[in-house]
Every structure is written in structure tokens, then in C-alpha cells.
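# Descriptive structure summary
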Amino acid sequence: MKTSTTLIRRAVLALAGAAVFSAALPALAQDIKPRLIRFGYGLNEQSNQGRAAKVFAEAVEKASGGKMKVRAIGAAALGPDTQMQQSLIGGAQEMMVGSTATLVGITKEMALWDAPFLISNTKEADAMLDGPVGDKIRNKLQDKGLVGLVYWENGFRNLTNSKRAINKVEDLEGIKLRVMQNNVYLNSFKTLGANAVPMAFSELFSALETNTVDGQENPFNTILSSKFYEVQKYVTVTNHVYAPWIVLVSKKWWDQLSKDEQKILSDAAKLSRDFERKDTRDEAAKAVADLKAKGMQINELPPAEAARMRDKLTRVYATIGADIGMDLWNEAQAELAKIRGK
Ligand code: TK8
């Protein structure tokens, strides 16, 4: 009896030892080299973008046992979105996160996300971005030297300006409004009567400060984190478009990575996405009170005016369809209908 107990105990110990050993094996056998990853972004460290970049960096370092180091570099210190995209394509920089809107010159299909009032809530946003249409558009980047890992949330965009409260569409007339370097945005705000000026985000604060432009449009989170309340008085809640960010990798560099290294980056990107969307939504939910406390005057467009704006803006759909191809446009509409039916 005693012998058999001892035997069993020995067997159990041996098994446990083998389990520990085999669990440790994949980690030991993982093909991970020391890597330095420059991860650029446009907003400052205190922004939702900065917080999520940190989460990504920590996840990569942890999963790689400290071998892969992510240097997150914010405030467009590595250049505005368009410049970083070129650095990634050329292999001079490893990673970035930025607007899908500034990618349309590289991958025209990204313009789907510029469609005003296409996505009306976060449930639709998540399902679209993480679903087949989002994947299809993301994967188009590969032919252009970029790997798109995940979409983060930039958010629903609203208007700010230093001139006057916007109570009707006509109040936008003559307002010099900075827009992203993207034709849908440019045409949309021209259609509304504003004097739309394309400009990199990195130049925006000083352009507002020196009155080179009167206004801009961005989610509440960015109005707060970029301190636009210091140089803007009026916020008008329009929610005119849901804008994503996208986490990008240089394909030139990605192709040199082992499968293990690629998996570490993909997994960390997904983790950062889930963190980022929640963090952004939590911040946005209390942003109106925060912006008021900073002295901004906030108004919502009266429903009739909101409807007029919507009507004018959704007229750009025809040009988006022509740009991205009607097949993709129709596929997106069908996908949205499916999501709404759930
Ligand atoms: C930050 C930009 C920003 C975007 C813009 O680099 O340019 O207005 O909304 O988030 O990508």
C-alpha cells in the first residue's frame, strides 16, 4: 500500500514536472529576436491615443520577455500621419497609429470610413470595423507596403470654432474650417458653406491660436486632450461622422519577423484595441461636462437643422461609391443592414 502511494505520488510529480516543462517549452522555443519598434502617433501622451500606445508597448514587451521594445513616440514627433505612412512603406519606421482618412491616397477603399452618418453608434462601429468589410479594407493595405493590424476608435466628430455658435447650416458660411487631408471631408464642408482648408493635425493648434483658421472638427476626446478649449469658444454637437484610427506596420519590416513575433504584435494590437475603445468611450461620455468646465459653450443643432446637414452631407455618398467601387459600397450597406437587424 505504502509502495503504491509512493509510486503514484512519484508519477504525479513526474507528470506535473513534464507539464511545467512542456508549458515552458513553447516560450523557450519561440523565435524572438531583440527588436526596437518605433511606434509613432499624432496626439499627445495624455490623450486616449497616448494611453493606448502605452498599453500596446507594455503588452509587446511582456509577451516577448522584454526582447521586443516599443518606443511610443507621440505629438507627431516622427511627422504627421502622411509622412509616417511613407516612412513605414519605405521601412524607415516600424509602426504607427493614425487616421484612416489620411490613407485614402494610398488605399482608396479607406474612404468608406469618411462617409458622413454612415455609422450611427459604437455597436455598429465595432461590428463594421472588426467584421468582413473592415477586414477587406484593412487587407488592401498589404499591396501598398503596409500591414493594418486593428482599428482603434477616434470617434464621432463634432465642430468647434472661435466665431459663433452654429445653430443653422448657414452659420458655417465664411468660417475657415480646418479639415483632414481628405477629399470627402473637404467636399463635405465646402458643401455646407464653410471655407474648408486641408491641414495636417500637427499644425492645427497653432493655426487656431493665430486665427489662420477659425475652427476644426474632431471628437470630444481630442478637443480635450489637445486643449482646443484654450483657443476655441464654441462646440456644436453634430456627430457628423464616426472616424476610426488604424494601427499600421511597415510591411517591409513585418516580412522579416518570425511567426512568433508577428503573433505577439497582433495579439498586443487586439488587446490595445479593446482597451482603447473602452477608454475612449468612458472619456467621451463625460466630455461635455469637462468641456463646459473648461469654459466652452456647447450647443446641439436643432433637429430640423441637423436633418438639413445630414441631407447635404449624405449627397457625397455617390462620389464615395464611385471612388471605392459600387461593389464595396453595396457590400458595406448590406453588412450594416445585417448588423442593424441583429
Ligand atoms: C492625429 C489625427 C487626428 C485626426 C485629425 O494624428 O487629423 O483631425 O482626427 O486624430 O489623426
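For the structure given in this document, a descriptive report is provided here. What you see is a predicted model, and the numbers here were worked out from it, not measured in a lab.

Cut-offs used in this document
- Residues numbered from 1 in each chain as written.
- Predicted model: local features only at pLDDT ≥ 70, side-chain atom pairs only at ≥ 80, totals over all residues.
- Heavy atoms only, no water.
- Core = buried A, V, L, I, M, F, W, Y, C linked by side-chain atoms within 4.5 Å.
- Buried < 20%, exposed > 50% of the residue type's maximum accessible area, 1.4 Å probe, protein only.
- Helix = DSSP H or I, 4+ residues; strand = E, 2+ residues; numbered from the N terminus.
- Near = heavy atom within 4 Å.
- Polar contact = N/O pair within 3.5 Å; in protein donor to acceptor, adjacent residues only side chain to side chain.
- Areas by Shrake-Rupley, 256 points an atom, 1.4 Å probe, with all protein chains shown as cover.
- Nonpolar A, V, L, I, M, F, W, Y, C, P; charged D, E, K, R; others polar.
- Domains from an automatic or database assignment.
- Axes fitted to C-alpha atoms, helices over the stretch in contact; angles between N-to-C directions.
- Parallel < 35°, antiparallel > 145°, perpendicular 65-115°, else oblique.
- Left-handed = near helix turned anticlockwise from the far one by under 90°.
- Contact = heavy atoms within 4.5 Å.
- Pairing = 2+ DSSP bridges.
- Phe/Tyr/Trp six-rings, centres within 6.5 Å; stacked < 30°, edge-to-face > 60°.
- Salt bridge = Lys/Arg side-chain N within 4 Å of Asp/Glu carboxyl O.

### With respect to the nonpolar core
- With 55 residues, the main nonpolar core has L112, W113 and F189 as its most contacted residues.
- Broken down by element, the residue count for this core peaks at 5 residues, all from helix α14 (residues 326–341).

### Looking at the site of the ligand
- Taken together, G42, L43, D81, S99, N154, R157, R178, M180, F201, N218 and W245 make up all the residues around the ligand.
- Between an oxygen atom of the ligand and a side-chain N or O atom of N154, the distance comes to 2.9 Å.
- One nitrogen or oxygen atom from the side chain of R178 is found 2.7 Å from an oxygen atom belonging to the ligand.
- Expressed as a share of its isolated accessible area of 310 Å², the protein-covered part of the ligand is 97%.
- Each residue belonging to the shell around the ligand can be placed in one class, and the counts come to 4 nonpolar, 4 polar and 3 charged.
- Counting only domains with at least three residues in the shell around the ligand, you end up with domain 1 (33–153 + 244–285) and domain 2 (158–241 + 286–341).

### Thoughts on the packing of helix α4 (residues 122–130) against α14
- Two numbers describe how α4 lies on α14: the axes approach to 10 Å, and their chain directions differ by 130°. Our classification of the angle between α4 and α14 gives oblique. Seen along the crossing, α4 lies across α14 with a hand that is right-handed. Facing α4, whose interface residues are K123, E124, A127 and M128, α14 presents A332, E335, L336, I339 and R340.
- Per-class residue counts for the contact of α4 with α14 are 5 nonpolar, no polar and 4 charged.

### Section: the pairing of strand β8 (residues 215–218)
- A two-sided burial pattern is seen for β8, the buried positions comprising G215 and E217 on one face and Q216 and N218 on the other.
- Pairing analysis gives 4 bridges linking strand β5 (residues 158–161) to β8, with the strands arranged antiparallel. Along β8, the bridge assignment pairs L159 with E217.

### Comments concerning unusual backbone geometry
- Not every positive phi belongs to a glycine, and A76 is a case in point at roughly 55°.
- Mapped onto the elements of the fold, A76 is located in the loop between β2 (68–73) and α3 (81–90).
- One non-glycine residue, N239, lies in positive phi territory at about 45°.
- Along the chain, N239 turns up in the loop between β9 (234–237) and β10 (242–250).

### Some words on the packing of aromatic side chains
- In this structure the tally under the stated criterion is 7 aromatic pairs.
- Look at W113 and Y151: their rings are 5.6 Å apart centre to centre, the planes differ by 75°, and that puts the pair in the edge-to-face class. With a gap of 38 residues between them, W113 in the loop between β3 (95–99) and α4 and Y151 in strand β4 (residues 146–156) connect regions that are remote in the sequence. Here W113 and Y151 have matching classes, each one buried.
- A centroid spacing of 5.9 Å and a plane angle of 50° characterise the contact between F201 and F228, whose relative ring orientation is tilted. Separated by 27 residues along the polypeptide, F201 in the loop between β7 (195–198) and α7 (204–209) and F228 in the loop between α8 (220–225) and β9 bring together distant segments of the chain.
- Connected via pairs of aromatic rings, a cluster forms that spans F39, F56 and W152.

### Some details on the pattern of salt bridges
- Under the definition given, this model contains 25 salt bridges.
- We note a salt bridge from E305 to R308, for which the minimum N-O separation is 2.9 Å. In this pair, E305 and R308 are both assigned in helix α12 (residues 303–313), 3 residues apart and thus about one turn of the helix distant.
- A relative accessible area of 13% means that E305 is categorised as buried.

### Digging into the sheet that holds β2
- The sheet built from 5 strands is open, its strands ordered β2-β1-β3-β10-β4 with mixed pairing. Here the strands that pair on one side only, and so sit at the sheet edges, are β2 and β4. With direction set aside, neighbouring strand axes in the sheet form an average angle of 20°.
- Taken together, the 6 bridges between strand β1 (residues 35–40) and β2 define a ladder with parallel strand orientation. Residue pairing for β2: I37 is matched across the bridge by V70.

### Concerning the environment of G105
- As for its placement among the helices and strands, G105 is situated in the loop between β3 and α4.
- Taking the relative accessible area as the measure of exposure, G105 reaches 74% and is therefore exposed.

Structural measurements only, silent on function.
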